[in-house]
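# Examination of the molecular architecture
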Amino acid sequence: MYQWRKFEFFEEKYAGKGLVPEEVAGRIECCSSGRGKIAVGCEDGTVSLLDRGFKFSYGFQAHTSSVLFLQQLKQRNFLLTVGEDEQISPQLSSVCLKVFDLDKTQPEGPSTSIPDCIQILRIFTNQFPEAKITSFLVLEEAPPILLIAIGLDNGCIYCIQGDIARERIKRFMLQVENRQDKTQCSITGMGFRVDGKAFQLFAVTPTSVSLFNLQTQPASRQTLDQIGSNANSVAMNDRLELIIGRPEAVYFYTVDGRGPCWAFEGDKKFLGWFRGYLLCVIADQRNDSNTFNIYDLKNRLIAHSIVVKEVSHMLCEWGSILLIMKDKSALCIGEKDMESKLDMLFKKNLYTVAINLVQSQQADAAATAEVLRKYGDHLYSKQDFDEAMAQYIHTIGHLEPSYVIQKFLDAQRIYNLTNYLENLHEKGLGSKDHTTLLLNCYTKLKDVDKLNVFIKSEDGVGEHKFDVETAIRVCRAANYHEHAMYVAKKAGRHEWYLKILLEDLGNYDEALQYISSLDQGQAGVTVKEYGKLLIEHKPTETIEILMKLCTEEGTYAYMLPSPVDFLNIFIHHPRSLMIFLEKYINKVKDSPAQVEIHNTLLELYLSTDLTFPLMSQSQANINENGNGTSNGKLPQEHKDVKTENDHKQRLEKGLELLKRAWPSDQEQPLYDVDLAIILCEMNAFKEGLLYLYEKLKLYKEVIACYMRAHDHVGLIACCKRLGDSGTGGDPTLWADLLKYFGELGEDCSKEVREVLTYIERDDILPPIMVLQTLSSNPFLSLSVIKDYISRKLEHESKLIEEDRRMIDKYQEETSTMRKEIQDLRTNARIFQLSKCTACTFTLDLPAVHFMCMHSFHQRCLGDNEKECPECAPEYRSVLEMKRNLEQNSKNQDQFFNQVKSSKDGFSVIAEFFGKGIISKTSKGPSRSPDSTTAGF
C-alpha cells in the first residue's frame, strides 16, 4: 500500500488553546460560518455569534427550545435557523424556519438587542407531513431568491424556493428513498451543484447516492451509486464534486457517477474541503482516538496530521480550519506561507515535492522557476548534468540564461548547453549572443542535421526564433553558405543573400536571377548595393535588369526608378554606362530625368580618355605567331587605330545628341547648355561648339572658333551666313572679321578684298575706320583698298553736293517765313473775300475773318470756334508731331536702340539734334504760334 508522506504545512493558532466562550452555555447543536463570524446554535434555543479568535460578539434567543440547524448566507447578512418553538396547537408542528436580518436589530431589555426576525415559516403542513429533520442546506440564487433543501429521515427532501422574507415561495418534495426502515433511508447529506442556470442537488442516504435535476418539472432523479454514507461524512469540493467518506475510502462523485476514490482507512467522522485540501476526521477504533488529517490529493501527501479529541463540528472561516470539540474546546489550524513550506522541503532535499507543491498551489511563474533553479543546482552539484539541465530548461523566461550557460561552457557539456540554447530559441528568447553560441556548438559538433532543423524550420516562424543577421554571419564564418543563404532568403534579407552569392561563392548568374525575381523596390535597392560587382563581371545581363527596372510596362512613369539613381555603379565602367543610357533613351522618349541623362551621355561621347574594357572573351584570339602579335594581344598601333575610330564615332554621336535634344520648336534644349559648352571646350569639340554658339545666337563666339582655327574660308563663309542683316544676322561680324585680318600679321589680301565688298555693300564702317584697322597689318599694301577708297570718296562727294542743295533750299524757305512773320507783326491785313469759305454764299454780317485770309459767316462756325476750319487740321498735325518729339526725348532706350541698329549712328544723333529734341532746354510748354492770332 502506498505510504503517504507527512509534512507540517499547517500550524495551530492561538497556541492550540482555543475555547468556546463561557457565554455559550448550552450544548452546541449546530454551527455555521460566513461573513467573518461563526454562528453557534445551542440546545437551549440560543444563537451566539463569535468573532475572530472565538471572541463572543453577542447572542440572542432564536427558538424557545432547541436550535436544530442554522446557516449564514454569503451574499446578504441573513441567518436562517431551524428549531423547535412552543406548540401553539396540536395540529401545528413546533419545528419552524426563521430568517434573521443581522444588520437590523430590535431592543430587548434595557441593555441588549436582538436581530430582527423578518420571517417565520412552518416547515411541516398538511401536504408536507412532519418527520425528523436530518440535514439542512440553503442555496442563494439571485437575491432575494433562496432555495432551501430540508432532508428528512423518511427519505424525502422538502424544498422551499422563492423570496422567503416576503413569503413569495413555492414548496415541492423530492422522494429519495421509500423504505420502512428509516435508518436506511434518512437523508444524511446534500449538496447543490450550479452549472450556469442549471440547478442540481446531490442527495445521500446510507444506501444510495442520487442526483436531482431541479430544472425539470417535476425534478428528475438519477441514481449514482447504491451505497451511501452516514451523517457528517458528506462534503462538496470547489470543482462541484460530491465527496463521501466511508470506512474503507473517500469517494468522489460527478454528474456521471462515481469518480476517483482514495483509500483512507478508518471511520470518517467529518469530511470537508479547504483550498484544494481534503479535510478528514478519522476515528481509530483500535485505540479509541481521533485523528485530523489534511490531504493534498494532487501531490499525494498529508499536509498536516494531529490527534484530536472527539470533534462535534468542523467548519472553515478566517482563512483557517476550525474544529469544535465535544468539551467546547477549539482548534484553529492555518496554512503556513509558501516560503516556509518550501524551506522545509529544501532542507530535506525534497525538490520534486516542492516543484509539485508550487505548481499545484498555482504560485507565480517566478516562484516556480526559483524552485526549479534550486533543484537544478542540487542535481548539478551531484554531477547529474542531464537532469539538472532538464530543470534549468523549465526556468527559461525567468532565470537569466547566463547563469546556466556559464555552468555548461565546458566542452564536455556542450550537448547539454546545446539543448538549453535550442529551448531558449524555441521560446523566442535567444539573443544575438545566444544564437552565435548555439550555431558555434552545432559547427563544433559538426551536427548538420540539427543545424538543418534549427535553420530550416518548416513551421514558418524560424526567423522569429533567433537573430537572423547573427545566424547568417556565424554560418558564413563556418563556411555553411547554404544555410546562411537559406536564412537570408526566408527572412527576406536580400542584401545578405546576394552578399553570400557574390562575395563568397562568386555565383553571378544566380545572383542576377535572384534579383530578377524580386519586386521592383527591392530589386532597385539590391542593384544599387551590388551593381558595381555585377557590372564588372556580367555587364550585359546587369544592363538588361536595369532596363527592366527603369522601363517596366504597366507602371506609371513617376513610380519607376530613374537611371540617374544607378550611375554610381558604372563608375569604373563608363562604356557600359553609355550602352545602358543609349538603350534607355531609345526606349523612353519622355523621361523626367532626360536632362541628366543627356548630360551624362554627352560627357561620355566627348571624353577622350574613356576607359575601355579588355577585349571580349568571345573574340577569337589571334595566333601567337601570326601577324606580329604576341601573347594573344593586339599590337599597340592596332589599339590606337581602334581607339581613334571609336572616338570619332562617339563625337558623331555627341553632335547628333546636341542637335536631336534641341528641337527647333523649343527655346531650351533637353540638356544643360552651359555644361555642354564646357565639355566641348574641354575636349576641343569644334563642331559642337559651333552648333551651340549658333543656336544661342553668339555669332561672335562662332567666328572666334574659326579665328582660333585659322580657317579663313570657313570664317568668310560663316560671316556670309550670319552677317546678313536681311536674314536676322549681325552685320558687325564683318567689322570683327576686318579687325582680325588687320591684326593677323600675314598676307591676306584676297580675303580683305572680299570682306571690303560686304562692308561697302552694307555701309558697315566708314573709310577712316577701315584704314585704321588695316594699317596694323604690315603685309597689306594700299592697292588692296585703293578701289574701295575711290568708290567711297566718290560716293561721299555726291552726298556732300546733295546736302548743299538742301541747305540752300531750307535757307531760302526760312528767309521767306521770317519776312511773312515780320509783315504780320508790323502791317495791317485787308480782308477782301466776298464769299464765305464754308458755304460759298455772299459774305454778309456778322462775319469772322482769320489771319490766314479765310472768312466765314458766323453762323457757319460752331459755337466758340476760334480756329480756322480750313487750316486747323494742318496746324494740329504739326502740334501733334511736336509733342511726339518731346515725348521721344524722354525715351532714352529708343534713342540708343536707333543709334545701335543704324548703319550710321552719327546720322541718327544729327537727326535728333536737327529736330530739337536733344538740345531743347525750355522748362515750360511752348506757346502755339497761332495762339495770338486765332480769332481775328
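Remember, it's a predicted structure, so these values are computed and weren't measured experimentally. (Residues numbered from 1 in each chain as written. Predicted model: local features only at pLDDT ≥ 70, side-chain atom pairs only at ≥ 80, totals over all residues. Heavy atoms only, no water.)

### Focus on the overall build of the chain
- A tally of helices and strands in the chain yields 29 helices and 32 strands.
- The C-alpha atoms of the chain give a radius of gyration of 63 Å, which is well past the 30 Å a tight globule of 936 residues would have.
- Considering only C-alpha atoms, the chain reaches an extent of 175 × 120 × 50 Å along its principal axes.
- Across the 936 residues of the chain, 44% fall into the buried class.
- In the chain, the proportion of contacts linking residues at least 24 apart, taken out of those at least 6 apart, comes to 47%. (Helix = DSSP H or I, 4+ residues; strand = E, 2+ residues; numbered from the N terminus. Rg over C-alpha atoms; globule rule 2.2 N^0.38 Å. Buried < 20%, exposed > 50% of the residue type's maximum accessible area, 1.4 Å probe, protein only. Contact = heavy atoms within 4.5 Å.)

### Focus: the pattern of salt bridges
- As enumerated under the stated definition, the model contains 30 salt bridges in all.
- Its salt-bridge partner being Glu370, residue Arg373 comes within 2.6 Å of it at the nearest N-O pair. Note that Arg373 and Glu370 are positioned in helix α4 (residues 365-381) at a spacing of 3 residues, about one turn of the helix.
- Since its relative accessible area comes to 17%, Arg373 is described here as buried. (Salt bridge = Lys/Arg side-chain N within 4 Å of Asp/Glu carboxyl O.)

### Description of helix α17 (residues 594-606)
- In a regular helix each residue adds 1.5 Å, so 13 residues correspond to 18 Å; α17 covers 18 Å between its end C-alpha atoms and thus fits that length.
- Where burial is concerned, most of α17 is hidden: 10 out of the 13 residues are buried.
- Within the sequence span of α17, burial applies to Gln594, Ile597, His598, Asn599, Thr600, Leu601, Leu602, Leu604, Tyr605 and Leu606. (Expected span 1.5 Å × (residues − 1).)

### Digging into the pairing of strand β8 (residues 67-72)
- In terms of strand pairing, β8 meets strand β9 (residues 78-84) through 5 bridges, oriented antiparallel. Along β9, the bridge assignment pairs Phe69 with Val82.
- Counted along the chain from β8 to the antiparallel partner β9, the turn is 5 residues long. (Pairing = 2+ DSSP bridges.)

### As for the sheet that holds strand β4 (residues 28-34)
- On the basis of which strands lie adjacent, the open sheet formed by 4 strands has the order β4-β5-β6-β7 and antiparallel pairing. At either end of the open sheet lies a strand with only one pairing partner, and these are β4 and β7 (55-61). Here the average twist between neighbouring strands, direction ignored, is 20 degrees.
- In this sheet, β7 lies alongside strand β6 (residues 46-51) in antiparallel orientation, the contact comprising 6 bridges. By the bridge assignment for β7, Asp51 is matched with Lys55. (Axes fitted to C-alpha atoms, helices over the stretch in contact; angles between N-to-C directions.)

### A few points about a nonpolar patch on the surface
- Judged by side-chain polarity, Ile768, Met769, Leu771 and Leu782 come together as a nonpolar surface patch covering roughly 380 Å² of accessible area.
- Inspection of the secondary structure puts Leu782 in the loop between α25 (767-774) and α26 (783-826). (Patch = residues over 30% accessible without salt bridge, like charges linked within 9 Å, V, L, I, M, F, W, Y side chains within 5 Å. Areas by Shrake-Rupley, 256 points an atom, 1.4 Å probe, with all protein chains shown as cover.)

### Observations regarding the packing of α4 against helix α5 (residues 385-394)
- Where α4 meets α5, the axes come as close as 8 Å, and the angle between the chain directions of the two elements is 165 degrees. Compared by their axis directions, α4 and α5 come out roughly antiparallel. The chirality of how α4 crosses α5 is left-handed. Along its contact with α4, which presents Leu372, Arg373, Tyr375, Gly376, Asp377, Leu379 and Tyr380, the element α5 presents Phe385, Glu387, Ala388, Gln391, Tyr392 and His394.
- A class-by-class count of the residues in the contact of α4 with α5 yields 7 nonpolar, 3 polar and 3 charged. (Parallel < 35°, antiparallel > 145°, perpendicular 65-115°, else oblique. Left-handed = near helix turned anticlockwise from the far one by under 90°. Nonpolar A, V, L, I, M, F, W, Y, C, P; charged D, E, K, R; others polar.)

### Looking at the confidence of the model for the chain
- On average, residues of the chain score 82 in pLDDT, and 91% of them are at 70 or above.
- Segment residues 922-936 is flagged for pLDDT under 50; beyond a separation of four residues in sequence, or across chains, it makes 14 contacts in the model. (pLDDT = per-residue confidence, 0-100.)

### Structural notes on the environment of Leu438
- Within the secondary structure, Leu438 sits in helix α8 (residues 432-445).
- According to the relative accessible area criterion, Leu438 is buried, its value standing at 0%.

### Comments concerning the packing of helix α7 (residues 414-426) against α8
- Contact geometry of α7 with α8 gives a least axis separation of 10 Å together with a crossing angle of 135 degrees. Taken together, the axis directions place α7 and α8 in an arrangement best described as oblique. Crossing geometry of α7 relative to α8 is assigned as left-handed. Residues Ile414, Tyr415, Leu417, Thr418, Leu421, Glu422, Leu424 and His425 of α7 lie in contact with α8, whose contacting residues are His434, Thr435, Leu437, Leu438, Cys441, Tyr442, Lys444 and Leu445.
- The residue inventory of the contact of α7 with α8, partitioned by class, reads 10 nonpolar, 4 polar and 2 charged.

### Quick look at the sheet that holds strand β15 (residues 168-175)
- Pairing within the open sheet is antiparallel, and its 4 strands lie in the order β12-β13-β14-β15. Looking at strand neighbours, the two that pair on one side only are β12 (133-140) and β15, the edges of this open sheet. Here the strands of the sheet are splayed against their neighbours by 15 degrees on average, with no regard to which way each runs.
- The sheet contact formed by strand β13 (residues 145-152) and strand β14 (residues 156-163) spans 7 bridges and is antiparallel. Pairing of Ile145 across the sheet is with Asp163, part of β14.

### Focus: the pairing of strand β27 (residues 301-308)
- Counting buried positions over the 8 residues of β27 gives 6, a clear majority of the element.
- As paired strands, strand β1 (residues 5-6) and β27 are joined by 2 bridges and run parallel to one another. Bridge assignment links Lys6 to a residue of β27, and that residue is Ile302.
- Linkage of strand β26 (residues 289-296) to β27, two consecutive antiparallel strands, is achieved through a turn of 4 residues, within which Arg300 is found at a positive phi near 55 degrees.

### Remarks on the environment of Glu754
- Relative to the helices and strands, Glu754 resides in helix α24 (residues 749-761).
- For Glu754, a relative accessible area of 26% translates into the label partly exposed.
- For the pair Glu754 and Thr105, spaced 649 residues apart in sequence, the C-alpha separation works out to 142 Å.

### Here we look at helix α9 (residues 448-455)
- Taken as a whole, α9 has its buried residues at Leu451, Phe454 and Ile455. The arc enclosing the buried residues of α9, seen along the axis, measures out at 85 degrees, which places them on a common side. For α9, the exposed residues lying more than 90 degrees away from the buried face are Asp449 and Val453.
- On its buried side, α9 packs onto α7, α8, α10 (468-477) and α11 (481-490). (Arc of directions from axis to C-beta.)

### Considerations on the packing of aromatic side chains
- One pass over the full model with this rule turns up 25 aromatic pairs.
- Judged by centre distance (5.1 Å) and plane angle (80 degrees), the rings of Phe10 and Tyr277 are edge-to-face. Here Phe10 is found in strand β2 (residues 10-12), whereas its partner Tyr277 is found in strand β25 (residues 277-284), with 267 residues between them in sequence. Pair check on accessibility: Phe10 and Tyr277 agree, each one buried.
- With centroids separated by 6.3 Å and ring planes inclined at 85 degrees, the aromatic side chains of Phe252 and Trp273 adopt a geometry described as edge-to-face. (Phe/Tyr/Trp six-rings, centres within 6.5 Å; stacked < 30°, edge-to-face > 60°.)

### Considering the state of the cysteines
- Under the criterion given, the structure shown has 0 disulfides.
- Sulfur of Cys705: no disulfide; nearest cysteine sulfur belongs to Cys718 and is 9.0 Å away.
- For Cys705, a relative accessible area of 5% gives the class buried. (Disulfide = S-S within 2.5 Å.)

### Brief notes about the side chain of His857
- Residue position: His857 is located in strand β32 (residues 855-857).
- The exposure class of His857 is buried, given its relative accessible area of 0%.
- When neighbours within four sequence positions are excluded, His857 is seen to be in contact with Cys836, Cys839, Phe841, Thr842, Leu843, Asp844 and Pro846.

### As for unusual backbone geometry
- With omega at -5 degrees, the peptide bond leading from Gln217 into Pro218 counts as cis.
- Residue Pro846 follows Leu845 across a cis peptide bond; omega there is -10 degrees.
- Relative to the assigned elements, Pro846 resides in the loop between α26 and β31 (847-849).
- Phi at Glu167 is positive, roughly 60 degrees, even though this residue is not glycine.

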